[in-house]
Amino acid sequence: MLLEAILQLKSTEIAAIQSPFPRGSTSSEFSSKEASRNENTNPSHTLRVFQVITAAILAGLMWWHSDFLDIQDRLGLLFFISIFWGVFPSFNSVFAFPQERAIFMKERASGMYTLSSYFMARIVGDLPMELILPTIFLTLTYWMAGLKPTLDAFLLTLLLLLCYVLVSQGLGLFLGAAIMDAKQASTVVTITMLAFVLTGGFYVHKVPSCMAWIKYTSTTFYSYRLLINVQYGEGEKLSSLLGCDRSSSSSASCKFIEEDIGRQISPLVSVGVLLLMFVGYRLLAYLALRRIKLEYFCRS
């Protein structure tokens, strides 16, 4: 399964993740600089860059110059992008706090920096790789796959993707801070992303009522809908080209227009929810760190 393959690639990096706060740090400013330096020089990042470029090239070749009218293929690519950039940043960031808890608590106990300084340094230090990698990925995949060939559409897609990556990173930070155990946190984030993918709107359209609530908490659902909107809008042009009458047509392509394109949630609502998640997940992560007792961090 695609999700399992991505998680397997990410699991090879766990041992290489290092703390951005060395024992010699004495201030929040130094901590921030060290976080950024280690984020950019960590050997595991070479592997991450290789993974992203390889995935981008493979996706570009698989969907090479796809036709605008090949709706199913195009939607498959958009959903793949949503899966990849939901799993990749969340699974990477979930280990940030659990693997730094011992040295963090020792330095916090000695008064080297405040929790807010550490939290901001951790987030800012991760930003370069979190923003550069999806930019490289989309630049390669977008033009190789022949998606909507306008600069406006590309830049809007890139902006949406970067926002989605930061939301997914926030989800990983929150789960890591709430659980503070690397193995347990990785299990929870795997289950969470699996639920988000299954309810994202590509595999199942008629989600059972008892499971429908998951769809509206899914980051994948909102990002997928926004990516579709950038490429096809409300589907009027596509429907006209295919000669679809939404009230009577039963062709496969017209059903895709009706179910995947024509029945989208409002783009403004999707953007608003993602922005709320962007702030909410980080706020929850900060609150989770505040409530963890010193004894929990320092136990052997």
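Preceding this paragraph is the structure being described.
Conventions adopted
- Residues numbered from 1 in each chain as written.
- Predicted model: local features only at pLDDT ≥ 70, side-chain atom pairs only at ≥ 80, totals over all residues.
- Heavy atoms only, no water.
- Axes fitted to C-alpha atoms, helices over the stretch in contact; angles between N-to-C directions.
- Helix = DSSP H or I, 4+ residues; strand = E, 2+ residues; numbered from the N terminus.
- Parallel < 35°, antiparallel > 145°, perpendicular 65-115°, else oblique.
- Left-handed = near helix turned anticlockwise from the far one by under 90°.
- Contact = heavy atoms within 4.5 Å.
- Nonpolar A, V, L, I, M, F, W, Y, C, P; charged D, E, K, R; others polar.
- Salt bridge = Lys/Arg side-chain N within 4 Å of Asp/Glu carboxyl O.
- Buried < 20%, exposed > 50% of the residue type's maximum accessible area, 1.4 Å probe, protein only.
- Lys, Arg positive; Asp, Glu negative; His and termini not counted.
- Core = buried A, V, L, I, M, F, W, Y, C linked by side-chain atoms within 4.5 Å.
- Expected span 1.5 Å × (residues − 1).
- Polar contact = N/O pair within 3.5 Å; in protein donor to acceptor, adjacent residues only side chain to side chain.
- Phe/Tyr/Trp six-rings, centres within 6.5 Å; stacked < 30°, edge-to-face > 60°.

> Can you walk me through the packing of helix α4 (residues 71-93) against helix α10 (residues 219-232) in this structure?
Two packed helices can be described by the angle between their axes and the distance between those axes. Relative to each other, α4 and α10 sit at 135°, their axes nearing to 9 Å. With respect to α10, the element α4 is oriented oblique. Of the two elements, α4 crosses α10, and the hand of that crossing is right-handed. Packed against α4, whose contacting residues are Ile71, Arg74, Leu75, Leu78, Phe79, Ile81 and Ser82, the element α10 presents Thr220, Ser223, Tyr224, Leu227, Ile228, Gln231 and Tyr232 at the interface. Across the contact of α4 with α10, the residue classes break down as 9 nonpolar, 4 polar and 1 charged.

> Is there a simple way to think about the environment of Ser266 in this case?
On the secondary structure map, Ser266 appears in the loop between α12 (252-261) and α13 (267-291). For the pair Ser266 and Arg225, spaced 41 residues apart in sequence, the C-alpha to C-alpha distance is 8.8 Å.

> Teacher, can you tell me more about the pattern of salt bridges here?
As a working rule, side chains carrying opposite charge can pair if their charged atoms are close by. Summed over the entire model, instances satisfying the criterion amount to 2 salt bridges. Notably, a salt bridge pairs Arg48 with Glu130, separated by 3.6 Å at the nearest N-O pair. Residue Arg48 is found in helix α3 (residues 44-62), and its partner Glu130 is found in helix α6 (residues 115-145); the two are separated by 82 residues along the sequence. The same class applies to Arg48 and to Glu130, which are both buried. The partner of Arg122 in a salt bridge is Asp126, and the shortest N-O contact between them spans 2.4 Å. Of this pair, Arg122 and Asp126 both sit in helix α6, 4 residues apart, roughly one helical turn. This pair shows no difference in class: Arg122 is buried, exactly as Asp126 is.

> Help me out: how do you make sense of the side chain of Arg282 in this one?
By the secondary structure assignment, Arg282 is in helix α13. Lacking a salt bridge, the buried Arg282 has Glu130 as its closest oppositely charged neighbour, with an N-O distance of 7.7 Å. Ignoring anything within four residues of it in the chain, the contact list for Arg282 reads Phe119, Ile123, Leu166, Gln169 and Gly170.

> Help me out: how do you make sense of the nonpolar core in this one?
Generally speaking, soluble globular proteins have nonpolar side chains that are buried together. Among the nonpolar cores identified, the biggest contains 54 residues, and Leu77, Phe80, Ile81, Phe84, Trp85 and Phe137 are the most heavily contacted of them. Only α3, α4, α6, α7 (151-179), α8 (182-198), α10 and α13 provide two or more residues apiece to this core. Counting residues in hydrophobic clusters, the runner-up holds 17 residues, among them Phe119, Leu173, Ala285 and Leu289.

> Is there a simple way to think about α10 in this case?
For α10, with 14 residues, the first-to-last C-alpha span of 20 Å sits near the 20 Å given by 1.5 Å per residue. Its side-chain oxygen at 3.3 Å from the backbone nitrogen of Thr220, Ser218 defines the N-terminal cap of α10. Among the residues trailing α10, Gly233 stands out with phi positive, at a value near 60°.

> Where do I start with α7 in this structure?
An α-helix turns once every 3.6 residues. As a result, residues three or four positions apart point the same way. Here α7 contains 29 residues, and its C-alpha end-to-end distance of 42 Å stays within 8% of the 42 Å for a straight helix at 1.5 Å per residue. Buried residues dominate α7, accounting for 21 of its 29 residues. Once α7 ends, the next one or two residues include Met180, with phi positive near 55°.

> For this particular structure, what's the right way to read the packing of aromatic side chains?
For any pair of aromatic rings, the description consists of the separation of the ring centres together with the inter-plane angle of the planes. Tallied over the entire structure, the rule returns 23 aromatic pairs. Measuring from centroid to centroid gives 5.6 Å for Phe91 and Phe95, while their planes differ by 80°, and the two rings are edge-to-face. For Phe95, a relative accessible area of 2% translates into the label buried. When the ring of Phe221 is compared with that of Tyr222, the centres are 5.1 Å apart and the planes differ by 75°; the resulting orientation is edge-to-face.

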